[in-house]
Amino acid sequence: MQSPTVTERLLATTDHLIRPDRNLNDCQTWIHPRLTQSVDPIKGRQLRVSQPVRKGELLLVDRPYALIPVVDHPEESEDIRCSHSGCHRPVARTGERVSCPSRCSADVIWCDRSCRDADQSRHEFECTWLKKYATSIRLKWGEYDFGMLWLIVRILASRHREIQQKTTTAPQRDERSGHAISQSFKTGWTAIRSFCGTQETWSHSQVRHWTMLVKKYLANNPSSPHGMSPGDVLDLICQEEANSFGLYPRETGVLPLLDPPLDRGEQFGAAVYATAAIANHSCYPNIIHKPDHQGRMVFVASKDIAAGEECCISYFDLTKYSDLKSRRDHLQASFRFVCRCDRCVSEEPREEQAQWDELPSVDDF
Ligand SMILES: [Zn+2]
Ligand SMILES: [Zn+2]
Ligand SMILES: [Zn+2]
């Protein structure tokens, strides 16, 4: 028999909550009616709840604006996701899986012909780019830069399709109630453009490197006609790098840790989400997050959350960085900020706390 703690955690897993309770349509974004966004003078945009939310409640199911697979040996992997942006389900190795007739990249795979056909106009935008650059970028700059550039190309492809379809401002609806989802949340490209992150967020050498990559690989051209200036594409990279999610098979943000600790597993993808990106980080988060079977980012309350309280996720695997220094070093290196969450502040040595106390607090603004 499982211990009460393990059972409790199983009840809080996202799959359990979505399947029986919500009849969510494919591709749908769903936002809890009590989830709102506000702006803090220091931290910028943040998620809050307007009324109390109970532990275990589903708060967000956010459809990716762009998603790429990150798997070794895509031909054999069971973790690779269908390229069709309306599907993104795991593609079984033994099934009907279909590749691109132009053989642009082994990482581009669809469940079947219907997914490939439905994804044709979006894939056209990236096909020539992949064929021309995928191998050389990987050889010259490595997997990380390739993944980053491909994710940018997929963002530009979604934007291109959005412009063509001119559906940017159409409000999405909650199928059950018929209510438009919260008007305070931007959607589509408008949301991506409002992400935090600028050239000043990153080091000069990092920005120089991205400037070079943009010039070399992301210029506007007839096969990938994005129509943006190199400076705008560079700004987009600065935003994407500060806001994209790694996709892992298990929850991120479970605390207290299981005994023995269970990490979130092998990364299988990376994606950007319009609403999930607003969530700030805490090393003691009140939300656990995980992508669902279609790559939608799912937020579930892991504690009771009081009215007006901020909703935070953990940006990293809490089993990996446990002490104050390792957490802060990791966040500084990867996300460019010094974490001052309640847990970090409570673990600071006394002298350091006194230093912070002399600085003006958020309330003084
Ligand atoms: Zn599919
Ligand atoms: Zn192709
Ligand atoms: Zn912290």
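Quick caveat, the model's predicted, so the values are computed rather than measured.

Draft legend 1. The sheet that holds strand 5 (residues 64-69), seen in detail. Strand order in the open sheet formed by three strands is 5-9-8, and the pairing between neighbours is antiparallel. Either end of the sheet is taken by a strand with one partner, and the two such strands are strand 5 and strand 8 (245-247). Going across the sheet, the axis of each strand differs from the next one's by a mean of 25°, ignoring polarity. Direction of pairing for strand 5 relative to strand 9 (residues 269-273): antiparallel, over a ladder of five bridges. The partner of Ala66 across the bridge, within strand 9, is Val272. Where helix 4 (residues 120-165) meets the sheet, it contacts strand 5 and strand 9, and its direction lies at approximately 145° from that of strand 5.

Draft legend 2. Region of the structure containing unusual backbone geometry. Following Leu255, the chain continues to Pro256 via a peptide bond in cis, the omega torsion being 0°. Cis geometry is adopted by the peptide bond preceding Pro260, which originates at Asp259 and carries an omega value of 0°. Checked against the element boundaries, Pro260 lands in the loop between strand 8 and strand 9. Although it is not a glycine, His73 sits at a positive phi angle of roughly 50°. Structurally, the position occupied by His73 is in the loop between strand 5 and strand 6 (98-99). At Arg336, a residue that is not glycine, the phi angle is positive and equals roughly 65°. Checked against the element boundaries, Arg336 lands in the loop between helix 8 (324-335) and helix 9 (342-347).

Draft legend 3. The arrangement of the pairing of strand 3 (residues 44-49) in detail. When strand 2 (residues 35-40) meets strand 3, the two strands line up antiparallel, connected through six bridges. Paired with Leu35 across the strands is Val49, a residue of strand 3. Two successive antiparallel strands, strand 2 and strand 3, enclose a turn made up of three residues. Here strand 3 pairs with strand 13 (residues 310-313) via two bridges, running antiparallel. Across the sheet, Leu47 pairs through a bridge with Cys311, a residue of strand 13.

Cut-offs and rules
Numbering of residues starts from 1 in every chain and runs along the sequence as written. Throughout, the order in which chains and ligands are written sets their labels, letters from A for the former and numbers from 1 for the latter. Residues qualify for local features only when their pLDDT is at least 70, as the model is predicted, and side-chain atom pairs are given and counted only at 80 or more; totals for whole chains, interfaces and linings, by contrast, use all residues. Pairing between strands requires that DSSP locate at least two bridges from one strand to the other. Each helix corresponds to a stretch of at least 4 residues labelled H or I by DSSP, and each strand to a stretch of at least 2 residues labelled E; elements are numbered beginning at the N terminus. Axis geometry follows a simple rule: fit a line to the C-alpha atoms, using only the stretch in contact for helices, then measure angles between N-to-C directions, giving values from 0 to 180 degrees. The contact criterion used here is simple: two residues whose C-beta atoms, placed from the backbone, lie within 7 Å are in contact.

In short, shape yes, function no, at least from these values alone.
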